[in-house]
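# Residue-level structural notes
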Amino acid sequence: MNGLLHAVIGTPDSDQMHILGQAFETNDLDSAFYLLPQKLSQTELPFHLWTWHQNSFSFETPVDRMPREWFLFFSNQINIADQIEGLIRLIEIEKKLLIGRILFFVNANYLSESKEILEWMDGCTHFADATCYTNRGNKNGLKVNFFIERYKSLHYPLEVFLLKKHKKTSLSKILSPSTRRISHVFDPPDLLEPDESPLKDPYLERLKNGNRKQPIPIPFAEN
């Protein structure tokens, strides 16, 4: 593999695949490729499914095309911190693959004031370069504003996009090459301070018993 790899985190029904599908409209079909969990496999765009094996992403790469841009969609059924570590391992193995943006798509209808959603939003936003809110309306507008203001007050550098269903999305802005995530886990090691290594990331660090120091819940996991 070579090229640019974007990671995509999202709530259910957040239109993430449709919105990012514009990458295939602006370039030839061979230039971009989806890597999807089973739940997101309904698309006519070029993709392969990934499986979760030994805490790593496992998938085949296309043999009939040479994508320059990859979109790895995370699963709602697997812990986000585990998938971030899987992404770190993937980048370490695929030496010619560069990490692009980590995108967070949120269907505003799924927002609530519950502790589980708040902790999940905090964890996902910690790793994200940009949060894209979809389906914002009168009934959920206050909740969207709550989360936007929350991360502003915490001085998170991430970008925020309020996406409207009938308005064309500026994909070039969403996929901007500038890094805006507060997490340092994908930064070059020689630029990191000792307390900024992946092992010291607040959501990746583990206690002596093996549990995460600051766990991220899985609010959309199916029983």
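Cut-offs applied
Residues numbered from 1 in each chain as written. Predicted model: local features only at pLDDT ≥ 70, side-chain atom pairs only at ≥ 80, totals over all residues. Heavy atoms only, no water. Pairing = 2+ DSSP bridges. Helix = DSSP H or I, 4+ residues; strand = E, 2+ residues; numbered from the N terminus. Axes fitted to C-alpha atoms, helices over the stretch in contact; angles between N-to-C directions. Contact = heavy atoms within 4.5 Å. Core = buried A, V, L, I, M, F, W, Y, C linked by side-chain atoms within 4.5 Å. Buried < 20%, exposed > 50% of the residue type's maximum accessible area, 1.4 Å probe, protein only.

Turning our eyes to something else, we now look at the sheet that holds strand S9 (residues 159-162). Ordered in space as S3-S2-S6-S1-S7-S8-S9, the seven strands form an open sheet in which the pairing is parallel. For this open sheet the edge positions go to strand S3 (47-49) and S9, each flanked by a neighbour on one side alone. Between one strand axis and the next, the sheet turns by 20 degrees as a mean value, whatever way the strands run. In the sheet, strand S7 (residues 97-107) pairs with strand S8 (residues 130-134) via five bridges, with the strands oriented parallel. Counted as the bridge partner of Phe104 is Thr131 from S8. Against the sheet, helix H4 (residues 115-127) contacts strand S1 (3-10), S7 and S8, and its axis sits at roughly 150 degrees relative to S7.

So, on to the nonpolar core. Counting residues in each nonpolar core, the largest one holds 45 residues, and the members touching the most others are Leu72, Phe74, Ile84, Leu87, Trp120 and Met121. Mapped onto this core, the elements with two or more residues apiece are S1, strand S2 (32-36), strand S6 (69-73), helix H3 (80-93), S7, H4 and helix H5 (141-153). Apart from the residues within four sequence positions on either side, Leu72 is in contact with Leu5, His6, Ala7, Val8, Leu35, Trp50, Phe57, Leu87 and Leu90. Ala23, Ala130, Leu163 and Ile174 belong to the second-largest nonpolar core, a separate cluster that totals 20 residues.

Of all five residues in S2, five are buried; the element is thus mostly enclosed. Burial along S2 is two-sided: Ala32, Tyr34 and Leu36 and Phe33 and Leu35, pointing in opposite directions, are all buried. Pairing of S2 with S6 involves four bridges; the strand directions are parallel. Bridging from a neighbouring strand, Ala32 pairs with Glu69 of S6. Both S2 and S3 contribute to a ladder of three bridges, which runs parallel. Looking at the pairing, Leu35 lines up with His48 of S3.

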